[in-house]
Amino acid sequence: MKEYSPLTMKDIAREFGISVATVSRALKDSPRISAERRAAIQQYAREHNFTPNVLAESLRYSRIQPQKVIGVIIPEFTHFYFMSVLSGIEEEALARGYRIMVAQSNEQYEREARICQSFFENKVCGVIVSQAKDTKQFDHFQRLIDAGLSLVFYDRICTGINASRVVVDDYMGAYNAVSYLIETGCSRIAFYGSAMNLEISKNRFNGYKDALLKHGVGYDPTLTFQCDNRTDAELITPDVLSSDDHPDGFFAINDDTAIGILYTAKRMGFKVPEDVSICGFTNGQRAVACDPMLTTVEQRGVKVGEEAADILICQVEGLIPREKAERRLVRTRLIIRGTTR
């Protein structure tokens, strides 16, 4: 039995005795080809169920200019916030005629660097990235810029690179959250955060600390912990809550960490929020799946993604100069639920 082989533009060109370039122009309805010839070629293609080879077409196009494909690097596929950002990027890209190519760094510098190289080899027009937690060298990002690609950071930005960025207002989000904890009766508030090499960690910590000072509550360094996931929160919180002067409030850098605190506090017999108030940062789906539901700072990931894609596309299309480092700030808002008084 003869194996089916799809019709190609080369087959159509052979049938009409013309070049592949002429077939391509005719199928795109180019006025450079006579109306009669265009109609004949298009009819033949329809009758023989011709389907364009999108990959081959994009490779031919890329010899003239980059493809309309945006490379996107996210730290974790399982993180609600990063998937929200990805959704915003994709919707904005599709609306403006672009596609996306997505990869996960899994919080690893080496993997992140390999992804950047792969994106370059695949001729993306630009890259949108949130830096991996252990990235402390930035040469892979600089190479993209030196090669003429647009680069936009979101959430975790790289201060060592002069590139565009979109971030949420981490400082004010933390400041408002901790202020609310104080205003509702908390006087000893613990901070669970990430390593301070990340800008978001610094900004949220500064918002936490300034809120304490502004409201006349002294900053106590013994209430600051490096903890940014549920597993670690469940490990360290028993000791934190077992002390005689234990915190009566917690501000966590993300919702998963806050839920780890909540689970541990309840298991130890504390009432939430009567004995202990807890606030997170994200407003993901898990925030409403716990009991009580979590008070948290909403990051608006979809908006972050839309803004990041808008900057990159505007740079690619010349609406924003490539050499200009565009900076955009997305406002947060405090969502008050059952884990606070």
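Each remark here, short or long, concerns the structure printed above.
Residues numbered from 1 in each chain as written. Predicted model: local features only at pLDDT ≥ 70, side-chain atom pairs only at ≥ 80, totals over all residues. Heavy atoms only, no water.

Q: I tried to follow the sheet that holds strand β7 (residues 224-226) on my own but got confused; where do I start?
A: Strand pairing in a sheet relies on backbone hydrogen bonds. The paired strands run either parallel or antiparallel. Strands sit in the order β7-β6-β8-β9-β10-β12 across an open sheet of six strands; the sheet is mixed. Of all strands in the sheet, those bounded by a partner on one side alone are β7 and β12 (333-335). On average, adjacent strands in this sheet sit at an angle of 20 degrees to one another, irrespective of strand direction. Sheet topology note: the strand β8 (residues 249-252)/strand β9 (residues 277-282) ladder contains three bridges and is parallel. From the neighbouring strand, phenylalanine 250 faces β9, where its bridge partner is isoleucine 278. Against the sheet, helix α8 (residues 170-183) contacts β6 (189-193), β8, β9, β10 (295-298) and β12, and its axis sits at roughly 165 degrees relative to β9. Helix α11 (residues 255-267) contacts β6, β8, β9 and β10 of the sheet and is inclined by roughly 160 degrees relative to β9. (Pairing = 2+ DSSP bridges. Helix = DSSP H or I, 4+ residues; strand = E, 2+ residues; numbered from the N terminus. Axes fitted to C-alpha atoms, helices over the stretch in contact; angles between N-to-C directions. Contact = heavy atoms within 4.5 Å.)

Q: Got a minute to help me understand the pairing of strand β4 (residues 150-154) in this structure?
A: In the case of a regular strand, side chains alternate between the two sheet surfaces. With respect to burial, β4 is a largely interior element, five of its five residues being buried. In β4, alternate side chains face the same way, and those of Ser150, Val152 and Tyr154 on one face and Leu151 and Phe153 on the other are all buried. Note that strand β3 (residues 126-129) and β4 share four bridges and pair parallel. What sits directly across from valine 127, in β4, is leucine 151. Each parallel crossover has a hand, and the one from β3 via helix α7 (residues 139-146) to β4 is right-handed. Here β4 pairs with strand β5 (residues 164-168) via three bridges, running parallel. Bridge pairing in β5 places valine 152 opposite serine 164. (Buried < 20%, exposed > 50% of the residue type's maximum accessible area, 1.4 Å probe, protein only. Right-handed = clockwise from strand over helix to strand, strands pointing away.)

Q: Is there a simple way to think about the environment of valine 152 in this case?
A: Among the secondary structure elements, valine 152 is positioned in strand β4. For valine 152 and serine 243, which are 91 residues apart along the polypeptide, the C-alpha to C-alpha distance reads 45 Å. Setting aside anything within four residues of it in sequence, one finds valine 152 in contact with Val127, Ile128, Val129, Ser164, Arg165, Val166, Ala308, Ile311, Leu312 and Gln315.

Q: What's the story with the nonpolar core in this structure? I'm lost.
A: When a protein is soluble and globular, its nonpolar side chains tend to lie buried together. Ranked by size, the top nonpolar core spans 39 residues in total, and within it Val178, Ile189, Tyr192, Tyr208, Phe250, Phe251 and Ile278 carry the most contacts. Of all the elements in the fold, those that place two or more residues in this core are α8, β6, α9 (199-214), α10 (230-242), β8, α11 and β9. The element that contributes the greatest number of residues to this core is α8, accounting for six residues. Sequence-distant contacts of isoleucine 189, defined by excluding residues within four places in its chain, comprise Val178, Leu181, Ile182, Tyr208, Leu212, Leu223, Asp248, Gly249, Phe250 and Phe251. With 23 residues, the next largest nonpolar core counts Leu86, Val166, Val304 and Ala308 among its residues. (Core = buried A, V, L, I, M, F, W, Y, C linked by side-chain atoms within 4.5 Å.)

Q: I keep staring at the pattern of salt bridges and nothing clicks. Help me out?
A: Between side chains of opposite charge, pairing is possible as soon as their charged atoms come close. Under the criterion given, the structure shown has 20 salt bridges. In this structure, arginine 38 and aspartate 29 form a salt bridge, with 3.1 Å as the shortest nitrogen-oxygen distance. What makes arginine 38 buried here is its relative accessible area of 17%. Ionic pairing is found between aspartate 245 and arginine 188, a salt bridge with its closest N-O pair at 3.6 Å. Of this pair, aspartate 245 sits in the loop between α10 and β8 while arginine 188 sits in the loop between α8 and β6, placing them 57 residues apart in sequence. (Salt bridge = Lys/Arg side-chain N within 4 Å of Asp/Glu carboxyl O.)

Q: What am I meant to see in α11 here?
A: An α-helix turns once every 3.6 residues. As a result, residues three or four positions apart point the same way. Along its 13 residues, α11 runs 18 Å from first to last C-alpha, staying within 8% of the 18 Å computed at 1.5 Å per residue. As for α11, its buried residues are in contact with β6, α10, β8, β9 and β10. At the C-terminal side of α11, glycine 269 shows a positive phi close to 95 degrees. (Expected span 1.5 Å × (residues − 1).)

Q: Is there a simple way to think about the packing of aromatic side chains in this case?
A: The description of an aromatic ring pair rests on the distance of the ring centres and on the angle between the ring planes. Inspection of the entire model under this criterion finds 14 aromatic pairs. Relative to tyrosine 154, the ring of phenylalanine 82 lies with its centre 6.4 Å away and its plane at 70 degrees, an arrangement referred to as edge-to-face. With phenylalanine 82 in helix α5 (residues 80-95) and tyrosine 154 in strand β4, this pair connects stretches of sequence that are 72 residues apart. Taken individually, phenylalanine 82 and tyrosine 154 each receive the classification buried, so the pair is uniform in this respect. Summarising the aromatic geometry, the rings of tyrosine 192 and phenylalanine 250 are spaced 5.6 Å apart at their centres and angled 90 degrees between planes, so their arrangement reads as edge-to-face. Here phenylalanine 250 lies in strand β8 and tyrosine 192 lies in strand β6, a separation of 58 residues in the sequence. Comparing tyrosine 192 with phenylalanine 250, the two get one shared label, buried. Site record: aromatic cluster; members linked through ring pairs are Phe191, Phe205, Tyr208, Tyr219, Phe251 and Phe281. (Phe/Tyr/Trp six-rings, centres within 6.5 Å; stacked < 30°, edge-to-face > 60°.)

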